[in-house]
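Residue-level structure breakdown
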Amino acid sequence: MSFLDIDNVTKSYGNVEVLHRVDIDVQEGEFLVLVGPSGCGKSTLLNMIAGLENITGGNISINGRVVNDVHPSKRNIAMVFQSYALYPNMTVGQNMTFGMEMHGIPKPERDRKLADVAKLLQIENLLDRKPGQLSGGQRQRVAMGRALVRDPDVFLFDEPLSNLDAKLRVDMRTEIKKLHQKLGTTIVYVTHDQIEALTLSTRIAVMNKGYVQQLGTAKEVYDDPANMFVASFMGSPSMNLIPAKIVEDNGALAAEITDASGRPVRLRLSRDGAGVRAHLERRVILGIRPEAITDAEGADRRASNLQVLGNDVAVTEPAGSDTFVTMTLSGKDCIARMRADAEARAGAHFDFTVNMDKAVLFDPETEERIDR
Amino acid sequence: MAIATQDTAVRTGRITRTFIYVVLIFFALFYLLPFFIMVINSVKPLSEITSGNMLALPQDPTFAPWASAWSTAQIGVEATGLKPYFLNSILMVVPAVAISTALGALNGYILTKWRFRGDTILFGLMLFSCFIPFQIVLIPMARILGELGLSGSLPGLILVHVVYGIGFSTLYFRNYYAAFPTELVKSAMIDGAGFFRIFWRIMLPVSGPIAVVCIIWQFTNIWNDFLFGVSFAGLSAQPMTVALNNLVQSSTGVKEYNVHFAGAILAALPTLFVYIVAGRYFVRGLMAGSVKG
Ligand SMILES: Nc1ncnc2c1ncn2[C@@H]1O[C@H](COP(=O)(O)OP(=O)(O)OP(=O)(O)O)[C@@H](O)[C@H]1O
Ligand SMILES: [Mg+2]
């Protein structure tokens, strides 16, 4: 029995269905991240867990209790909003204790909890200020504090970091992760930032157009994407998706692509199960992460299938720790992520090393994986 | 070349500015002059007005006309002065403003934060009351007051003003609350606050600016209303405006212009007072609705 059970949940506005049969089980203490592009239904799902939107079909249960018809305040959840939603007329302290006051918790206990949480978040010196007198980062902390004092079963976060500047966002990200490790509470966290999703989550639900595309750990979603949407959404720069053809080459299966000058190149595949074999002599999409294409020195020593691919370099972009090298494969731009001092020069020929263990194959029509 | 253009820019700036000031001063005088005439004539003995120039300053200033207008002047058949009617107006305007503002705030809260099917249509219908001319509702209103047994009474008049005021007060509060982040309401719901608690603890504390706008608007309109007063108020419930009219109309003998002027100023004082006290917030409140933050 899972702690938070989202069981075949659908949501419609009028006769437009915006969430289709979402089915997610969250274990106690998990950090589930809902990630996806704008408008995919992340907030809607979160609001349904909170009880702010009603459920068109299916069930949501928290801690063994179906909460479909339970008022938000009785679900024992706490939510942190994107805009923080701090009450402007109350001080930080009043903001944080308002929920407890509404639940009839006596003043001494409220004060004790407030002091505990304020200490935890290091906002003791802000308790008498109004939200208007706080910086963005401080507001963010207060909003989290307001959720923390409630001791909820589940924390819900709706893009809590998207209003912060880049540096603060990274700091707060680490802080949220630390907090989760310390408190071990169950968290559902919405973001459209795939890096946040990868760094924070214990599991990720990648959503698109109201469907959960894939549910899995960061590693599963990143290394083993279920379809082309997940492959291109997760990761930055995103996975190279190269049109290819499956061919037989000396008894093994290979993906045939063309290099910058249009000559065919064959890359032997590591996985050649029935799904791949069924596509023999047919068009597929070959997906390779930028970091799986390197120079010979930068290649993963433990890989079992490294293939050399000679090609012309179109552009090199040094980016501090890495150098991004762009080339053309099968008529598409393809990015390789190399060591900073890799030798690739724009306009010159270069021998790339491709880690085919990491390559994945998709059906171009259905966009689903064929080599799993 | 560059210097020349800059020069022209400065010069046109100055010319425009001068023009604006001239226009502003002209209109200020245009509006102040009648008030000035009323004030100087209200402190003259009647003889100075009838014998001479209305624009001349008083030779022999006296507050007798004010005293007379307030407590002894003939209003209709009785010589009570405006005092009892002033009281009527206060007794009418205070509850009417309070109730219509409170209901407007509640309506605005519901129409923006507790949306329901057909809420925009309902709001549209409520807006009608802002534009329907007074005359159209006179007869139905008289009928309803009759049914309720409130004809001619002060509570009846209050009811009329409340009903008529709700349209505007709802409009003000709805537009103000529309800019108020709904996430705050959601957050309060999760915190366990109910419908009225959210209204009282979250919405009302930040409604000051729009409440001031609404109160000034309702106060001026209700205080200055003549038609409803003359139509629905019995003799004992007549408001100030109706009494002022009776004062000016009813003098059987000589027309005591100085008393009329004093009475007119008395009738205008409360609205003036409200503007002076709350005018600053009025402008601020009008801005707050449109520019968020
Ligand atoms: N009240 C509503 N009526 C009709 N459609 C709605 C309503 N609220 C949301 N939607 C639709 O539901 C879909 C999901 O919206 P939602 O707010 O959950 O997206 P999101 O994934 O949170 O996006 P974002 O990242 O932009 O916040 C959108 O297509 C949106 O247009
Ligand atoms: Mg959203």
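In the nomenclature of an unreviewed UniProt entry, chain B corresponds to Carbohydrate ABC transporter permease from the organism Paracoccus albicereus. One UniProt comment on chain B, placed under Subcellular location (unreviewed entry), says "Cell membrane". Per UniProt, the comment on chain B under Sequence similarities (unreviewed entry) is "Belongs to the binding-protein-dependent transport system permease family."

Chain A is annotated in an unreviewed UniProt entry as Sn-glycerol-3-phosphate ABC transporter ATP-binding protein UgpC of Paracoccus albicereus. Turning to chain A, the UniProt record has this under Sequence similarities (unreviewed entry): "Belongs to the ABC transporter superfamily."

On to the interface of chain A and chain B. With 25 residues of chain A in contact, the opposing surface of chain B contributes 15 residues. Applying the counting rule to chain A against chain B returns two salt bridges. Note that Arg150(A) is salt-bridged to Asp191(B), the shortest N-O span being 3.4 Å. Per-element tally for the side of chain A that touches chain B: the top contributor is helix H2 (residues 92–102) of chain A, with four residues. In terms of residue class, the side of chain A that touches chain B is made up of 14 nonpolar, eight polar and three charged.

With that out of the way, let us pick up the domain arrangement of chain B. All names here are of chain B. Here chain B is described as being made up of domain 1 (2–75) and domain 2 (81–288). Computed over C-alpha atoms, the centres of domain 1 and domain 2 are 30 Å apart. Contacts between the two partners involve 20 residues from domain 1 and, on the opposite side, 22 residues from domain 2. Carbon and sulfur atoms supply 80% of the area that domain 1 and domain 2 bury against each other, a total of about 1,900 Å² over both sides. Here domain 1 and domain 2 share zero salt bridges between them.

Thresholds, definitions, all that
Residues numbered from 1 in each chain as written. Chains lettered and ligands numbered in written order. Predicted model: local features only at pLDDT ≥ 70, side-chain atom pairs only at ≥ 80, totals over all residues. Heavy atoms only, no water. UniProt positions renumbered as here; feature names shortened; annotations may be inferred. Contact = heavy atoms within 4.5 Å. Salt bridge = Lys/Arg side-chain N within 4 Å of Asp/Glu carboxyl O. Helix = DSSP H or I, 4+ residues; strand = E, 2+ residues; numbered from the N terminus. Nonpolar A, V, L, I, M, F, W, Y, C, P; charged D, E, K, R; others polar. Domains from an automatic or database assignment. Buried area = accessible area lost by both parts, 1.4 Å probe.

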